[in-house]
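# Working through the structure, step by step
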Amino acid sequence: MKHTAGRAILLSVLVWVVFANTLSNDFVFDDISVIKNNPAIRNVKYVKLYFLRPFFSIGQPTTGPVAYDYYRPLALLSFLADYSAWGLSPVGYHLTNVLLHMTATLLVFFLLKKLRLNATASFLAALLFAAHPALADSVAGVSGRSDPLCAIFFLAGCLCYVSARQTGPRMGILLLLAAYAACTLALLTKETAIALPIVLAAYEFTRPDGSLRRKPFSGAWALAPVFLVALLYFLWRSHLIPGSFAFRGDLSNLVNRMMTAFEVAATYARIAVLPYGLGFETFTPLETSLLTPATATALLLLLLAGRTAIKLRKKGPHISFFICWFLACLLPYAYFFLFHPEPSFFTPPHFLYFPMVGAAALCGLLLTHIISLATSNLAGWRKTAVKASPALILLFFCSQTVLRNTQWRDDPTFFSRMVKHGPTSARIHIGMGSVFLNAGQPGNALGEYARAYELAQSQSGVRPASAGRAERGRFVVSNAYAALALAGMGDAYATLGETRNSIESYRMALSENAFDSRINVKLARAYERAGRFDDAIDFYARALRLDKRLADAAASLEVAQVKKEVYDEAKRIYTIALLSHQADSVEAVYCEALMLRMTGKQEAAAALLRKVVEKAPSHFGANLALGQILSLRGEYDTALGNLSVAYAVRPTSAVAAYEMALATLALRDTLTAEMWAARAYELEPDSFYRRFHESIQERGSGRGTGR
């Protein structure tokens, strides 16, 4: 008992030491959409949707088909709990991931002991599982949490089931009920748990713990509820996400896919033992013949493993069971190969999280056997070297895992590393484009987005995960990654000031995926910059029809409508002035400046506004508009002069008071800013000015003037 407790503590310490450097990581990759920008994890009102919608669609800007229709309500519940405790501080989410992996590691250790595996082998297997570099992505990336969280329920279900088969009827029934409940929870966390019934069937087939399994039920009756839970899950998921299990590939290459599956399984077996060259989004090209060396070797190894599992069922039940475990836990990933076929197999290392339990147990048995042989047959330094080999292997695993954790530090680090491992991944190039865009390098971003679009288009012969015909009257989603790449190109063109090109890119993006409300918003803003307010209003409205929760789109729609009215009125006055040969009049020049400003030409507008102020120093609109432009340029002192004139001319203007508050706040005169904010709220007592006043009060409390 003391040895067990001590080893459990050592396992916990090891997990903490290996993964402690993840606590400084930011939100990266899928973390941005699933957590940072996801309103669905910030309010309990969304919890019902967790159980009724695909994982990636809840709180996201897409209302049509989604890429990879996962169903993981309990994973979302865990993010909701983290948000309640930590807000959007990444350290809390990473801490939860580390604790979940620690718990899964301890359950591996206790399960192996319950299966009556050699104590040393159980401990070595748990050590290898705790520190294996292939599992790092499931812990270092917050959105990879579904692996350790599901593994906890998966392993708890196995532990309860095995315990039930080793105890009396009364306690056995309770433990079986707990196993069925754990199976249900595992399935609600990640699809991989569908392997649990097969693993338990393999347990009944091999009997690795040597128990007779007479009570409380026979093997078939004890297993039946587990398979029933899996069947109900399958039916429920198919009902919620129609077509999620429909074959979407080309039947002509199904044989090639099955041949490649042998190679993939062998590759994962190699990674479990020799984890080198690990990326994140890695792909295995399709094989076209069983006669290629890789396919033939892989098939031979799998046949040998299967034969070994059958042959050793009685003489070596532990070996037989853990071979079955490894292969059974790889089976669920056939979902990607058959139902979401791409031109190559998606084979990321973190798919090993569940199979690794079986692989680690086999490695633990092998190492224990080698050490036993060394102890009896070797002497001197050779004996010491063999005994030290597990420690050296563990040290290598730990160092590799720590290094892999650093790849998740932030988006620039992650994508710069991943683009080397996944050069044919459209998703990775889209992410790299975003990194360049955020770094102020729109030219480089355009190159990455263009490469992503090229890759997405080259794969269009095989429908991507999100492909599917929409309901009548809606657009067809043809290629979600192509849409994201084109939208990124639109963002880059917008940053470069090429409004026409950005509009064209956004329109092309919507032709690929018209369900993405955010792309509709981006196109609306591009039209707004171009002065095409009717089109802008139309696409803001479309975005809101797709997602009514887009508060920024609703506000932008109102602004666009106001701008359209102002623009139309300015154009009317300017046209009349031209017809009357009064193009140089104050109002004509002012209206021309307004039209230029509405279409994003701020510098040209500022030049005309200065002319207006020279001719009419007390012109309210010209002083206000010029003050706003100067504030945006950071010339706050000069802006205050024009804004002060505007307020003096029209002291009933809440807008002028609001702009005065912004300018003085930028100059760190918080007391004056608070006074102007209070004046704006007094003139226009609505919720917008109230919130603005409260925010300035919070900033200025206890600071003095700060000037």
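None of these values were measured; they are calculated from a predicted model.

### Here we look at the overall build of the protein chain
Broken down by element type, the protein chain carries 32 helices and two strands. Within the protein chain, counting contacts between residues at least 6 apart in sequence, those at least 24 apart form 70% of the total. Element-wise, carbon and sulfur atoms account for 62% of the exposed surface of the protein chain, whose accessible area totals about 31,700 Å².

### Looking at the side chain of S631
With respect to the helices, strands and loops of the structure, S631 is situated in helix α28 (residues 620–632). With relative accessibility at 12%, the residue S631 sits in the buried group. Discounting chain neighbours no more than four positions away, the residues touching S631 are Y636, A639, L643 and A663.

### Observations concerning the packing of aromatic side chains
Under the definition given, this model contains 21 aromatic pairs. One aromatic cluster in this structure is built from F129, F154, Y161, Y203, F321, F322, W325, Y353 and F354. Positioned over the ring face of Y276 is R270, at 4.2 Å from the centre of the ring. The ring centre of F539 lies 4.4 Å from the NZ or CZ of R542, which sits over that ring.

### A word on the packing of helix α14 (residues 317–330) against helix α16 (residues 355–377)
For the pair α14 and α16, the least separation of the axes is 7 Å and the interaxial angle reads 155°. Judged on the interaxial angle alone, α16 and α14 are roughly antiparallel. Regarding α14 and α16, the two cross each other, and that crossing is left-handed. Between α14 and α16, the contacting residues are H318, I319, F322, I323, W325, F326, C329 and L330 on the first element and P355, V357, G358, A359, A361, L362 and L365 on the second.

### Section: the environment of E614
For E614, the position within the fold is in helix α27 (residues 602–615). Remark: the alpha-carbon pair of E614 and V586, spanning 28 residues in sequence, is separated by 9.7 Å.

### Here we look at the side chain of R145
Mapping R145 onto the fold places it in the loop between α7 (136–140) and α8 (146–165). Residue class for R145 comes out buried when judged on its relative accessible area of 0%. A distance of 2.7 Å separates polar atoms of two side chains, one belonging to R145 and the other to N97.

### A look at unusual backbone geometry
The backbone of R207 shows a phi angle near 50°, a positive value even though the residue is not glycine. With respect to the helices and strands, R207 occurs in the loop between α10 (196–206) and α11 (219–240). A positive phi angle, near 65°, is found at R668, a position not held by glycine. Relative to the elements of secondary structure, R668 occurs in the loop between α30 (654–666) and α31 (670–683).

### Digging into the confidence of the model for the protein chain
On average, residues of the protein chain score 84 in pLDDT, and 90% of them are at 70 or above. The weakest mean pLDDT in the protein chain belongs to helix α15 (residues 334–338) at 64; the strongest belongs to helix α5 (residues 90–114) at 96. Note on residues 461–477: pLDDT under 50 across the span, and 38 contacts to partners over four residues away in sequence or across chains. Overall, residues 702–707 carries pLDDT values under 50, and its contacts beyond four positions in sequence, including any with other chains, amount to 11 contacts.

### Thoughts on the nonpolar core
Membership of the largest hydrophobic core comes to 98 residues, with the highest contact counts inside it found for F129, F154, L155 and W325. Considering each element in turn, this core owes the most residues, 12 residues, to α8. Ignoring anything within four residues of it in the chain, the contact list for F154 reads A186, T192, A193, A195, L196, V199, W325, C329 and F354. If you look at the next biggest cluster of nonpolar residues, it comprises 51 residues, including F414, M418, V419 and L446.

### Notes on α10
Extensive coverage of α10 is indicated by the burial of eight of its 11 residues. Among the residues of α10, L196, P197, V199, L200, A202, Y203, E204 and T206 are the ones counted as buried. The first or second residue beyond α10 is R207, which carries a positive phi of 50°.

### Considerations on the environment of V613
By secondary structure assignment, the location of V613 is in helix α27. Spatially, the C-alpha atom of V613 lies 6.8 Å from that of N623, the residues being 10 residues apart in sequence.

### Topic: the environment of V91
Positionally, V91 belongs in helix α5. Among the residues examined, V91 registers a relative accessible area of 36% and is labelled partly exposed. The sequence separation of V91 and V142 amounts to 51 residues, and the corresponding C-alpha distance is 9.9 Å.

### Some remarks on the packing of α28 against α30
One can describe the packing of α28 onto α30 by two numbers: an axis separation of 11 Å at closest approach and a directional angle of 25°. The angle between the axes of α28 and α30 places the two elements in the roughly parallel class. The two elements α28 and α30 meet at a crossing, and its hand is left-handed. Across the interface between the two elements, F620, L624, Q628 and S631 from α28 touch V655, A656, E659 and A663 from α30.

Criteria and cut-off values
Residues numbered from 1 in each chain as written. Predicted model: local features only at pLDDT ≥ 70, side-chain atom pairs only at ≥ 80, totals over all residues. Heavy atoms only, no water. Helix = DSSP H or I, 4+ residues; strand = E, 2+ residues; numbered from the N terminus. Contact = heavy atoms within 4.5 Å. Areas by Shrake-Rupley, 256 points an atom, 1.4 Å probe, with all protein chains shown as cover. Buried < 20%, exposed > 50% of the residue type's maximum accessible area, 1.4 Å probe, protein only. Phe/Tyr/Trp six-rings, centres within 6.5 Å; stacked < 30°, edge-to-face > 60°. Lys NZ or Arg CZ within 6 Å of the ring centre and 35° of its normal. Axes fitted to C-alpha atoms, helices over the stretch in contact; angles between N-to-C directions. Parallel < 35°, antiparallel > 145°, perpendicular 65-115°, else oblique. Left-handed = near helix turned anticlockwise from the far one by under 90°. Polar contact = N/O pair within 3.5 Å; in protein donor to acceptor, adjacent residues only side chain to side chain. pLDDT = per-residue confidence, 0-100. Core = buried A, V, L, I, M, F, W, Y, C linked by side-chain atoms within 4.5 Å.

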